[in-house]
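Spelled out, the chains give:
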Amino acid sequence: MKKIIAFIGLLIFATSCEKIQPDGLIIKQIKTIITDLKGASVDEAASGFMLRLTAPEFIEFNKQGILVKDGFIAFDKGLMKIKEAIDDYIITEVPILDYTSPQQLRNMTLYIRQSPVLELCNGCFIYDPTVQGTIFAGFRFGVTDGTFLKPAEMINDIAGNIYTIDQRDSSHDLILKTTAAGATTVFAGAGDLFGRLVGIGIDESRGLLYVSDATSQQVKSIRIATPSVITVLAGSGIAGNTEGTGTAASFRFGDKQVDELSRGETGQGLAVDASGNIFVGENYTSSLSSQLRRISPTGVTNTVTGTRIIATGPESMVAASGIALNSANEIFTSSGSPSIFQGVNKFTPSGVYSSFAGQASRADFSDGIGAMARFLYPKAIRAFNNYLFVADSHNGALRRISPSGFVHTLAGVGFYRTNSFHATADYLAPREGSYRIARTFFGTDVHQFENAARAIRMDRPGGVAVVNDGLIYVSDYGYNCIWKITIR
C-alpha cells in the first residue's frame with residue numbers, strides 16, 4: 001500500500017508536463033498510444049467503441065492491480081470504467097457523450113477513485129455521435145394501436161411531456177399528451193371542444209398551451225394544470241384579417257388537414273417567444289397571399305412587420321405551414337404546396353424577408369446549403385439552440401438546418417420510398433434503426449446523410465418537438481405514431 005501511495009505522489013508532483021487543474025491539483029501529462037483492439041490507430045470513434053490505451057506509466061499501477069479495481073477514464077464529460085488492464089495497457093469503452101455533431105475529444109484522464117492522476121491525451125480523436133430512431137408511442141407489435149389517428153403539430157414542456165394535435169375526420173380535433181415514459185392520454189378537446197387545430201405552442205411561465213383553431217378562426221388558451229379550462233385569447237369567430245384586442249381581431253387560418261396535399265397546408269403554424277407573444281400564420285384575403293400575426297399574452301393582435309406577402313402567382317406564395325423563432329427573434333416558416341416554394345423562409349426582426357433553404361417549384365429530396373437543398377411539403381418546424389428541425393412530410397424525413405443554412409437529413413427514407421407512395425399490397429413497416437454521423441459526412445458528398453438516415457423508416461412526419469439538441473420527437477401521420485430520435 002505504501003508503494004501505491006508513493007507512486008501516486010510521484011506522479012502528482014512530477015514537474016515534467018505539469019498542468020494546473022481548476023481545483024489546484026497538479027496531474028501529469030503522458031503520451032498514450034490509442035488503438036482499437038486489433039492495434040490499428042484510432043482517429044474517429046463513436047459510443048461503444050473499444051479502445052486500447054498503452055503507456056509505460058500504467059505498468060506500476062497494474063502490478064498493484066488497482067486500475068481495474070479503482071480506475072476510471074474520463075472522456076471530456078463522460079466517465080467509463082476500465083474493463084481490463086495488464087502490463088502497459090488499459091482497455092475501456094467510449095461512453096455516450098452529449099455531442100450532436102462530430103467533435104474533437106478534448107482530453108482523456110485517468111482517475112483513481114475520485115482523483116485525476118494522469119492526463120492521457122489532448123485532442124485525442126474525433127467523437128462521432130450516433131442517431132437512433134425508435135417508435136415512442138402509437139405503434140406496437142407491428143401495427144398501429146389506435147392511439148393516434150392523424151398526429152400533426154406538437155410541442156413539449158420542460159418535463160419532457162409532449163402535446164400533439166391529433167386530427168380527426170370529424171374536424172373535431174384532440175390534443176393528446178404523451179409523458180416522458182411514453183404513456184398517452186387525451187389532454188384536451190374531448191366533447192368536440194375544438195374544430196380543426198392547425199398550430200400549437202406553450203408558455204410554461206404562464207402555465208398555458210395555445211392552439212389556433214381554423215374552424216372557429218380563433219386562438220385559444222388551455223390551462224395546463226386544468227385543461228378543461230379553455231378560453232378564447234383572440235378572434236371574433238369570423239374569417240378576416242382585422243387587427244384588434246381579443247374578439248375584436250379576426251384571423252384567416254387555413255383549415256387543411258395534415259394529409260390533404262392537393263392544395264397543401266397554408267396559413268397555419270403557431271409559436272411562442274420568450275416574452276409569451278404568440279405568432280400564427282394565416283392567409284391574407286386569398287389562398288395565395290399570406291402574413292404572420294403577433295398576439296400579446298393579453299390578446300392584442302397585430303401583423304408582424306414585413307411578413308405580408310402579396311402573391312402574384314403560385315411561385316411567389318410563401319404561406320406558412322409551420323412557424324419557429326430562434327434566440328435572435330428571427331422568424332422561420334416552413335412552406336410547401338403544389339407549384340410553390342418548397343422549403344424554409346426567414347423574417348428578420350426588422351421585417352426583411354428571404355428564402356433560407358429550398359427553392360420555388362422544386363419539390364425533391366436533397367441535402368445542401370440554402371437553395372441547394374430540396375424539400376417536399378415540409379410541415380412543422382421548431383428551433384432549438386439556433387438549429388431548425390423540419391418535419392419534411394412527403395420525403396418522410398426529419399431535417400436539421402444549421403444557422404448557416406446547411407440542410408441535412410437526420411432520419412427518414414427519402415423521396416418516394418414511403419409506404420403511402422407505394423400503395424401496394426406490400427406493407428412497408430416502420431423501421432427503427434441507428435447510424436453514426438461520421439466526420440466525412442461534412443465533406444463534399446451531401447448525400448451521405450440521406451443514405452445513412454434510411455436506417456430509420458418514417459412515413460409522413462407532420463410535427464416535431466425538440467426537447468434538446470439530442471432529443472427530438474416526430475409525429476408520423478402515415479404510421480399513426482410518435483418517433484423518438486436521439487443524437488449522442
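Colleague: Any chance you could explain the sheet that holds strand 4 (residues 44-45) here in plain terms?
Modeller: Neighbouring strands of a sheet are bound in pairs by backbone hydrogen bonds; such pairs are parallel or else antiparallel. Strand order in the open sheet formed by 3 strands is 4-13-10, with mixed pairing between adjacent strands. A single partner strand is all that each edge strand has here, and the edge strands are strand 4 and strand 10 (103-104). Here 2 bridges tie strand 4 to strand 13 (residues 126-127), and the two strands are oriented parallel to one another. From the neighbouring strand, Glu44 faces strand 13, where its bridge partner is Ile126.

Colleague: Quick question: what am I supposed to make of the pattern of salt bridges here?
Modeller: Side chains that carry opposite charge are capable of pairing whenever their charged atoms lie near each other. Counted under the stated rule, the structure contains 19 salt bridges. Asp169 is the salt-bridge partner of Lys150, the closest N and O atoms lying 3.1 Å from each other. Within this pair, whereas Lys150 is found in strand 17 (residues 150-156), its partner Asp169 is found in the loop between strand 18 (162-167) and strand 19 (174-178), the two being separated by 19 residues in sequence. Note on Asp169: relative accessible area 57%, which makes it exposed. We note a salt bridge from Glu260 to Lys256, for which the minimum N-O separation is 3.6 Å. Overall, the relative accessible area of 16% leaves Lys256 in the buried class. Taken together, the salt bridges that share partners define one network made up of Lys150, Asp169 and Asp259.

Colleague: I keep staring at the nonpolar core and nothing clicks. Help me out?
Modeller: Generally speaking, a soluble globular protein has its nonpolar side chains buried in company with each other. Phe58, Phe75, Met108, Leu110 and Phe125 are the most contacted members of the largest nonpolar core, which totals 31 residues. Of all the secondary-structure elements, those providing two or more residues to this core are strand 5 (50-54), helix 2 (58-64), helix 3 (66-70), strand 6 (71-75), strand 11 (107-112) and strand 12 (115-122). The biggest single contributor to this core is strand 12, with 4 residues. With residues near it in sequence (within four places) discarded, Phe125 still touches Val42, Asp43, Glu44, Ala45, Leu51, Phe75, Val94, Gln103, Gln104, Leu105 and Met108. By size, the runner-up hydrophobic cluster in this structure holds 27 residues, among which are Leu410, Ala452, Tyr479 and Ile487.

Colleague: Would you mind going over the environment of Phe75 with me for this structure?
Modeller: Topologically, Phe75 is positioned in strand 6. Under the relative-accessibility criterion, Phe75 is labelled buried at 0%. Distance in space between the C-alpha atoms of Phe75 and Thr109 is 7.0 Å, their sequence separation being 34 residues. Those residues in contact with Phe75 that sit more than four places away from it in its chain are Leu51, Met80, Thr92, Glu93, Val94, Pro95, Leu97, Leu105, Asn107, Met108 and Phe125.

Rules used throughout
- Residues numbered from 1 in each chain as written.
- Predicted model: local features only at pLDDT ≥ 70, side-chain atom pairs only at ≥ 80, totals over all residues.
- Heavy atoms only, no water.
- Pairing = 2+ DSSP bridges.
- Helix = DSSP H or I, 4+ residues; strand = E, 2+ residues; numbered from the N terminus.
- Salt bridge = Lys/Arg side-chain N within 4 Å of Asp/Glu carboxyl O.
- Buried < 20%, exposed > 50% of the residue type's maximum accessible area, 1.4 Å probe, protein only.
- Core = buried A, V, L, I, M, F, W, Y, C linked by side-chain atoms within 4.5 Å.
- Contact = heavy atoms within 4.5 Å.

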